[in-house]
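# Structural overview
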Amino acid sequence: MEMNLLLVLAFGFVLGIKHALEPDHIIAVSTIASQSKKIWKSSLAGVFWGIGHTLTLLVFGVILILLKNEIPQAWAMSLEFLVGIMLVYLGVTTIFSWNNTQHDHTGRATYLKSMFVGIVHGLAGSAAMVLLTMGTIDAAWQGAIYIIIFGVGTCIGMLLFTTILSIPFVTSTISKKVNRSLIRLTGVISMVFGIYYMYNLGINEKLFSVWFS
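The paragraphs below set out a description of the structure included in this document. Computed from a predicted structure; not experimentally measured. (Residues numbered from 1 in each chain as written. Predicted model: local features only at pLDDT ≥ 70, side-chain atom pairs only at ≥ 80, totals over all residues. Heavy atoms only, no water.)

### Let's talk about the packing of aromatic side chains
Inspection of the entire model under this criterion finds 7 aromatic pairs. Taking 5.9 Å as the distance between ring centres and 45° as the angle between the ring planes, the aromatic pair formed by F193 and Y197 counts as tilted. With a gap of 4 residues between them, F193 and Y197 both fall in helix α8 (residues 176-204), about one helical turn apart. When the centroid spacing of 5.7 Å and the interplanar angle of 45° are considered together, the rings of F208 and W211 count as tilted. Linking F208 with W211, this pair stays in helix α9 (residues 207-212), spanning 3 residues, or about one helical turn. With relative accessibility at 38%, the residue W211 sits in the partly exposed group. Counting every residue linked through ring pairs, the aromatic cluster contains F81, F208, W211 and F212. (Phe/Tyr/Trp six-rings, centres within 6.5 Å; stacked < 30°, edge-to-face > 60°. Helix = DSSP H or I, 4+ residues; strand = E, 2+ residues; numbered from the N terminus. Buried < 20%, exposed > 50% of the residue type's maximum accessible area, 1.4 Å probe, protein only.)

Okay, here's the thing in structure tokens:
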């Protein structure tokens, strides 16, 4: 494998770690991390987010690279808008979920939920990923490797961050009042950010004008 490709892959790995720390990713996963009483469960939820995110990017990325095509701007923005809807939903459900966390209802459902959130984020980021990949590689197989390496970086970044993020939620379980306040604050942040996210896309980026023109 040529040195240039190795450098590109290394760069993709670093970008993947950085990508995991984008605000909408952090906020979405924080709503999931807030539901667990154990750090390792939150960490694993972060990994499942990364898996869902990577699988989506890989499938759509390779298909578009093979077709030498791009996602239309209106479609790309609409997928981004879906992230805003998801953040509002996660926020609302988190605000009203505190009583359920007392029974620690985390497990398979939580991991599947985290993977689904990752899939939605992957769909929203597929347009940018394809543009980035097509600008750095020469063949489809190289693109697939690049996306996988990028995904590994994303999984590691999210694993580390959700581990850190879960600490205040886990340690606050000794005080129901503090734990409840943290969980609800997380939900409010997710809901408000989701509304802002949709407003910015719809009004500032003129997505609504595209939809209704």
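Moving on from the model shown.
### Section: helix α2 (residues 23-33)
Counting buried residues in α2 gives 10 out of 11 residues, a clear majority hidden from the surface. Looking only at α2, the buried set comprises D24, H25, I26, I27, A28, V29, S30, T31, I32 and A33.

### Thoughts on the packing of α2 against helix α6 (residues 108-134)
At a minimum axis distance of 10 Å, the contact between α2 and α6 shows a crossing angle of 165°. Taken together, the axes of α2 and α6 lie roughly antiparallel to each other. Handedness of the α2/α6 crossing: right-handed. Where α2 approaches α6, its residues D24, H25, A28 and I32 are matched on the opposing element by T110, K113, S114, V117 and H121. Looking at side-chain class alone, the contact of α2 with α6 contains 3 nonpolar, 4 polar and 2 charged residues. (Axes fitted to C-alpha atoms, helices over the stretch in contact; angles between N-to-C directions. Parallel < 35°, antiparallel > 145°, perpendicular 65-115°, else oblique. Left-handed = near helix turned anticlockwise from the far one by under 90°. Contact = heavy atoms within 4.5 Å. Nonpolar A, V, L, I, M, F, W, Y, C, P; charged D, E, K, R; others polar.)

### So, a nonpolar patch on the surface
A cluster of nonpolar side chains, V59, F60, I63 and L67, forms an exposed patch at the surface whose accessible area comes to about 370 Å². Residue placement: F60 occurs in helix α3 (residues 39-67). Taking relative accessible area as the criterion, F60 reaches 37% and is therefore assigned partly exposed. (Patch = residues over 30% accessible without salt bridge, like charges linked within 9 Å, V, L, I, M, F, W, Y side chains within 5 Å. Areas by Shrake-Rupley, 256 points an atom, 1.4 Å probe, with all protein chains shown as cover. Salt bridge = Lys/Arg side-chain N within 4 Å of Asp/Glu carboxyl O.)

### Quick word on the packing of helix α4 (residues 73-95) against α6
Orientation of α4 relative to α6, taken along the N-to-C sense of each, is 155°, at an axis distance of 7 Å. Here α4 lies roughly antiparallel to α6, going by the angle between them. As for how α4 packs across α6, the hand of that crossing is left-handed. In this structure, α4 uses A76, L79, E80, L82, V83, M86, L90 and T93 to contact α6, whose residues at the interface are K113, V117, V120, H121, L123, A124 and A127.

### Quick word on the environment of A139
For A139, the location among the structural elements is in the loop between α6 and α7 (140-171). A residue is classified by how much of its surface remains accessible, and A139, at 22% relative accessible area, is partly exposed. A C-alpha to C-alpha distance of 8.6 Å links A139 and L66, two positions 73 residues apart in sequence.

### What to know about unusual backbone geometry
Here K206, not a glycine, exhibits a phi torsion of approximately 65°, which is positive. Here K206 lies in the loop between α8 and α9. The exposed category is assigned to K206, whose relative accessible area is 52%.

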